[in-house]
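For reference, the chains in residue letters:
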Amino acid sequence: MGTCFSFGNRLLKNQITRLQEVKKIALIGAGTMGIGIAIDLLNKTSYELIFIDISNQALARAKRELGRYAEAQVSGGRMLKDQAKSYLERVSFTEQYAVLKDVQIVWEIATERLEIKKKIFAEIEKNCTPEHLVFIYSNTSSHTTGELAVLFKDSFFREKFLTGHGYFPFHLNRLFDVMKGKYASEETFLAGVIFAEQILEKKTMALRRDHHGYIADPIFQGMAAIVSWDVKTGQDLVDLPSVFALMSANPFQVLDRTGHMPYTESGRHLGRALPGEDRLRSIYNQNGLHYPDWIEALSTAGRIGINVEQQEGFFKWEGRPGREKPVGVYDPKSAAYVPFTQPDVKAFWSYEQARALDHREAAIKSPAGLALIAQANDRGGQCFRRYVLPILLYAMDLIQDGYATAGEVNSATKVGLRFKYGLIEIIDAFTAHFGLEGFISLIKKAGLENADRAELYDTDGLIGPRKGRPCLLQTMQRKGWSSLLGYGRIYGTPVSQRDLKTGKLVPYYNDLRYVYPGRKDRVVSIIFDNPLKGNVWNRYTLDQLDHALGITLELYEKGLAGSILFTAAGTHMRMLGADARQFNKGWFDPRTGYRFLGEEQAAYFTKAGMRIFRFLQECPLWTLGVFGEKWGGGAEFVYFLNQRFDLEVHGCEFDTLRRETVYREKSVYNQPEIDYAILAGFGGVQELRRLGFGDSIIDEIFMQGMTAARAYQTGLSNFIHREEAVLLAKGYETARLNSKYAAPYSLELYNTQKKSAFEEGINDEELIRRTGETFNPAKNPYVATGLLRLLNMGGKNPPPLLVPEKDQSGWSDRYRRLFSGTEK
């Protein structure tokens, strides 16, 4: 959103007020990550940014890269030249720390080395103005917050200190970690989390307990480290980690893009600092080394990735920035770059079988294909058992040891590491495929195959770092748990996670944020929270929204919820339509074009969406949407809501008459389906007709779009404003007031009357009958307290009855009958 809002949580008031006052941020470190952070902040805020670095060369590169990015925005029609000039003028570059006196947030992203961080932190203490400071972030891939906080001498700075970590490329990766540690105050931690969630618009892992590298980083580090000791030839750098490419990407190619320094520095630190019970500790300590000699040789030679002049790292790269491709691979024997081929089909035949299975099932990198590889006797199966199984066990250790939940591990790997399926989804799929006993047997088989690393495969708590700690699979077997995640009833995608203490499944959403109502407000807030994908409708979103609606109905039946506020994270609160990939069979390849999924499967997406939307429209909850740009299904969704509050959006568009890019008010209602040879599959035409619009207005929306001002003029929009914070505040307050006294009987009857009037027309006899029933306390138990507010206006009256009774309860049962089956 680029702004902060409490969604009714009064405990956040102070932090939000302070964050709204932020004007200036210092970025200490002008490397690749710092540049990505700057781009993200420039795009999402109006902050002034100050780069601090002791290297003139690094500052010059940062300035050059930001200029190149702004030029690309102008040439792509996303920014005017004057805007690009103002954009770049918000950034300054210096070697002097004295500028810290005016900043509200300090973000150190310079190094993993403690001795350098200590010098930087001393400058922060010396130059920052304490009363200005909201918090300090330090980016690290291996240190704990506690290890770094003690580098400050003053306890004030320790209380303001958090570790905050993003993933490459920062402005295009949605994951962010915030770790509290034992020194940071609760106020500081909340401010850091709100900043990450609402200003940076990230999927935020808010970790109270210290852990080396958060969640995703130690998993990624482990993926590279566990392979690195077996690399003898250049082809090994392609073949051995290719098993991870079947899930996400070759980690060595990723490291070439991020730069090697964080990896080598982290390996050095993890080898020294990991606790004794860490399963992966041994892969950072081999023969007195924290990583192999050949990696050190690359670092010494300055071959540390794409961003060095020669574009050399683990691979040799060629191509323009952002489009580089590997053309050679580093061969440790010759210390030269040699040609490489893709893994040999005869040696890795299980890979081809997995791809064929995915092709038949219209799947992409599926857990079923990975299960096939895991038990194969070819080189692919050997690699999976040697490298992947220990990583799966490590992921479960993080959950078992209380560092993260199952949902957090799954999201961290899926969002930050770009796994097609998160690690916990893969673990659950293996549990279903092999059975718990069979899965454990597979791991034990791998331990026998890899006797040199036997401690990595311990499941019984008998040997190695996990001695005395049987793995989580054993707990699942003992307690009868079949999975660590819960899955939606529509498409079977994750919607909840196992609480290890109670054994129950509790909500956890990857693409939504669900904010429970306050004790007095009775407003549930549901935020569509995948802005990098435009908050599209897909299988995941439908499953999560359906599940969230079920949770809300349970609250409604207890009298705790009376309305739902819907909004979207991201610039201009944008909400797109259905993800076109949902309708393409398997992986889309431009060379083969669109592959027909089948009428039944394509229709089911509309069927599922319409059931949810129609139920939402008819249930006795007041619904209000606060959005900006809406396209296709994103616009159609809000037609089903009681009220629509729209952001007045301005931006760059191409003027077809003037043949140039102009800055103007943009349409916030857009139905472009006709241009793509499809239809408005979530009922756009019929819902606009239900809302009372004729052909002319409907044609206008479908053929040219409609601005917020025009939508307000026509009555489609109920309130408009240019500022997101104002719009959210107005929307939330309206939702609160509309549910404050809304008796379940009356609201349900109101919805029924609207539906009947549209479908059946005027029915005076039904109105007469309903009126009599409404004033009968035996049929409407709410009338006694409701009418009393009119009869005794200004007097002291009992609180309204808001808990559903008799015929007004049972909406949860109706919800359960929406789809056959229950949560998996």
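You'll find the structure just up there.
Owing to the predicted nature of the structure, the values given are computational and were not obtained by experimental measurement. (Residues numbered from 1 in each chain as written. Predicted model: local features only at pLDDT ≥ 70, side-chain atom pairs only at ≥ 80, totals over all residues. Heavy atoms only, no water.)

1. Here we look at the overall build of the protein chain
To keep it simple, the criterion reads: Elements are defined by DSSP. Helices are runs of H or I of four residues or more, strands are runs of E of two residues or more, and each kind is numbered from the N terminus. What the globule rule says is 2.2 Å times the number of residues to the power 0.38, and the radius of gyration is computed from C-alpha atoms. Partly exposed describes any residue whose relative accessible area lies between the buried limit of under 20% and the exposed limit of over 50%, with all areas from a 1.4 Å probe on protein chains only and scaled to the type maximum. Contact criterion: two residues are considered in contact whenever any of their non-hydrogen atoms come within 4.5 Å of each other. Accessible surface area values rest on a Shrake-Rupley calculation with a 1.4 Å probe, where residue burial reflects the displayed protein chains alone. When charges are tallied, Lys and Arg are placed among the positive residues and Asp and Glu among the negative ones, while His and the ends of the chain are skipped. In this description, the location of a charge corresponds to atom NZ of lysine, CZ of arginine, CG of aspartate or CD of glutamate.
When its secondary structure is counted, the protein chain shows 31 helices and 25 strands. Over its C-alpha atoms the protein chain spans a radius of gyration of 28 Å, differing by no more than 12% from the 28 Å that the globule rule assigns to 824 residues. Along the first, second and third principal axes, the C-alpha atoms of the protein chain reach 90 × 60 × 55 Å. With 824 residues in all, the protein chain has 57% of them scored as buried. When contacts within the protein chain are restricted to residue pairs at least 6 apart in sequence, long-range pairs at least 24 apart make up 70% of them. Total accessible area on the protein chain stands at roughly 35,100 Å², and carbon and sulfur atoms take up 52% of it. Charged side chains of the protein chain number 104 positive and 97 negative; the gap between the two group centres comes to 2 Å.

2. Notes on the pattern of salt bridges
How we decide: Within this document, salt bridges are pairs made up of a side-chain nitrogen of Lys or Arg and a carboxyl oxygen of Asp or Glu, the two lying within 4 Å of each other.
All told, the structure shown has 50 salt bridges when counted by the stated rule. Arg689 is paired through a salt bridge with Asp695; the nearest N and O atoms lie 2.5 Å apart. Judged by relative accessible area, which is 48%, Asp695 ranks as partly exposed. Among the salt bridges present, the one from Glu733 reaches Arg736, with a minimum N-O distance of 2.7 Å. Placement of both Glu733 and Arg736 in helix α27 (residues 724-740) is noted, with a separation of 3 residues, approximately one turn of the helix.

3. Observations concerning the sheet that holds strand β11 (residues 336-338)
Quick reminder of the rule: DSSP bridges decide pairing: two strands pair if at least two such bridges lie between them. Axis geometry follows a simple rule: fit a line to the C-alpha atoms, using only the stretch in contact for helices, then measure angles between N-to-C directions, giving values from 0 to 180 degrees.
Strand order in the open sheet formed by 3 strands is β9-β10-β11, and the pairing between neighbours is antiparallel. Taken across any chain shown, the strands that pair with only one partner, and hence form the sheet edges, are β9 (315-318) and β11. Averaged over all neighbouring strand pairs, the angle between strand axes comes to 40 degrees, with direction disregarded. Across 4 bridges, the pairing between β9 and strand β10 (residues 325-331) is antiparallel.

4. Things to note about the sheet that holds strand β5 (residues 135-138)
An order of β3-β2-β1-β4-β5-β6-β7-β8 is seen for the 8 strands of this open sheet, with the pairing classed as mixed. Since the sheet does not close on itself, it has two edges, and those belong to β3 (91-94) and β8 (203-207), each with one partner. Neighbour to neighbour, the strand axes of the sheet diverge by 20 degrees on average, direction disregarded. The strands touched by helix α8 (residues 186-199) within the sheet are β1 (24-28), β4 (105-108), β5, β6 (161-166), β7 (175-179) and β8, with β5 carrying the most contacts at an inclination of about 65 degrees.

5. Here's the deal with the packing of helix α17 (residues 379-400) against helix α19 (residues 423-449)
The cut-off we apply is this: Oblique is the label for any angle not under 35 degrees, not over 145, and not in the 65 to 115 range, which are roughly parallel, roughly antiparallel and roughly perpendicular in turn. Crossing handedness is defined as follows: a turn of the near helix away from the far one that is anticlockwise and smaller than a right angle gives a left-handed crossing, while the clockwise case is right-handed.
Where α17 contacts α19, the axes come no closer than 11 Å and their chain directions differ by 120 degrees. Classified by the angle between their axes, α17 and α19 sit oblique to one another. Crossing geometry of α17 relative to α19 is assigned as left-handed. Contacts between α17 and α19 pair Phe384, Arg385, Leu389, Ile391, Leu392, Leu393, Ala395, Met396 and Ile399 from the former with Leu423, Ile424, Ile426, Ile427, Phe430, Phe439, Leu442, Ile443, Lys445, Ala446 and Glu449 from the latter.

6. Observations concerning the pairing of strand β22 (residues 660-665)
It is a general feature of regular strands that their side chains alternate between the two faces of the sheet. Pairing of strand β21 (residues 650-655) with β22, which is carried by 6 bridges, proceeds in the antiparallel orientation. Counted as the bridge partner of Phe654 is Thr661 from β22. Count of turn residues in the β21/β22 antiparallel hairpin: 4 residues, of which Arg659 carries a positive phi of about 60 degrees.

7. Notes on α27
Since one α-helical turn is 3.6 residues long, residues separated by three or four positions face the same way. Quick note on the threshold: The span you would expect from a helix comes to 1.5 Å times its residue count less one.
Compared with an ideal rise of 1.5 Å per residue, which puts 17 residues at 24 Å, α27 spans 24 Å between its outermost C-alpha atoms and is within 8% of the ideal. Taken residue by residue, α27 has Glu724, Leu727, Leu728, Gly731, Tyr732, Thr734, Ala735, Arg736 and Ser739 as its buried positions. In this structure, the buried side of α27 is in contact with β16 (523-528), β17 (563-568), β18 (622-627), β20 (643-647) and β25 (719-721).

8. Section: the packing of helix α2 (residues 32-44) against helix α3 (residues 56-75)
How we decide: For this classification, Asp, Glu, Lys and Arg are treated as charged, while Ala, Val, Leu, Ile, Met, Phe, Trp, Tyr, Cys and Pro are nonpolar and the rest, including Gly, are polar.
It is at 10 Å that the axes of α2 and α3 come closest, and there the two elements cross at 40 degrees. The orientation of α2 relative to α3 falls into the category oblique. Here α2 runs over α3; the crossing is right-handed. Every residue of α3 that contacts α2 at Thr32, Ile35, Ala38, Ile39, Leu42 and Asn43 is listed here: Arg61, Ala62, Glu65, Leu66 and Tyr69. Residue composition of the contact of α2 with α3, grouped by class: 7 nonpolar, 2 polar and 2 charged.

9. Description of the nonpolar core
To be explicit about the condition: Residues enter a nonpolar core if they are buried and are Ala, Val, Leu, Ile, Met, Phe, Trp, Tyr or Cys, with the set joined through side-chain atoms within 4.5 Å.
By size, the foremost hydrophobic cluster in this structure holds 93 residues, and its most contacted members are Ile219 and Phe244. Sorting elements by how many residues they give to this core places α17 first, with 13 residues. For Ile219, the contacting residues outside a window of four places in its chain are Ile391, Tyr394, Leu398, Val409, Thr413, Leu417 and Leu423. Ranked by size, the runner-up nonpolar core spans 74 residues in total, among them Ile490, Val495, Leu512 and Tyr815.

10. Observations concerning helix α25 (residues 695-703)
Of the positions making up α25, those classed as buried are Ile697, Ile698, Glu700, Ile701 and Phe702. Looking at the packing, one finds that the buried side of α25 touches α23 (633-639), β23 (667-670), α24 (684-690), β24 (706-707) and α26 (708-714). Remark: Gly705 follows α25 within two positions and exhibits a positive phi of approximately 85 degrees.

11. Focus: the pairing of β6
Burial within β6 is extensive, with 6 of its 6 residues counted as buried. The sheet contact formed by β6 and β7 spans 4 bridges and is antiparallel. Bridged to Thr163 within β7 is Met179.

12. Description of the state of the cysteines
Keep this limit in mind: The disulfide definition used here is simple: a pair of cysteine sulfur atoms within 2.5 Å.
Using the criterion set out here, one finds 0 disulfides in the structure. Of the cysteine sulfurs around Cys128, a residue in no disulfide, the closest is that of Cys4, at 20 Å. A relative accessible area of 8% places Cys128 in the buried class.

13. Regarding the packing of aromatic side chains
Applicable threshold: For this analysis, a ring pair means two rings from Phe, Tyr or Trp (six-membered ring only for Trp) whose centres lie within 6.5 Å, classed as stacked if their planes differ by under 30 degrees, edge-to-face if by over 60, and tilted for the remaining angles.
Applying the stated rule across the entire model yields 50 aromatic pairs. Note on Phe170 and Phe176: the rings are 6.1 Å apart at their centroids and 90 degrees apart in plane angle, and the pair reads as edge-to-face. Phe176 matches Phe170 in its accessibility class, with the two residues each being buried. Taken together, Tyr491, Phe528, Trp537, Phe566, Phe583, Tyr604, Phe605, Phe613, Phe627, Phe637, Phe640 and Phe682 form an aromatic cluster joined through their ring pairs.

14. Quick notes on unusual backbone geometry
At the junction of Phe168 and Pro169, the peptide bond is cis and its omega measures out at -15 degrees in the coordinates. With respect to the helices, strands and loops of the structure, Pro169 is situated in the loop between β6 and β7. With a phi close to 55 degrees, Asn287 is a non-glycine residue in the positive phi region. Looking at where Asn287 falls in the secondary structure, it is placed in the loop between α13 (261-273) and α14 (293-300). Accessibility expressed as a relative area gives 78% for Asn287, which makes it exposed. Within the chain, Ala335 stands out as a residue other than glycine whose phi angle is a positive 55 degrees. Mapping Ala335 onto the fold places it in the loop between β10 and β11. Ala335 gets classed as partly exposed once you look at its relative accessible area, which sits at 37%.

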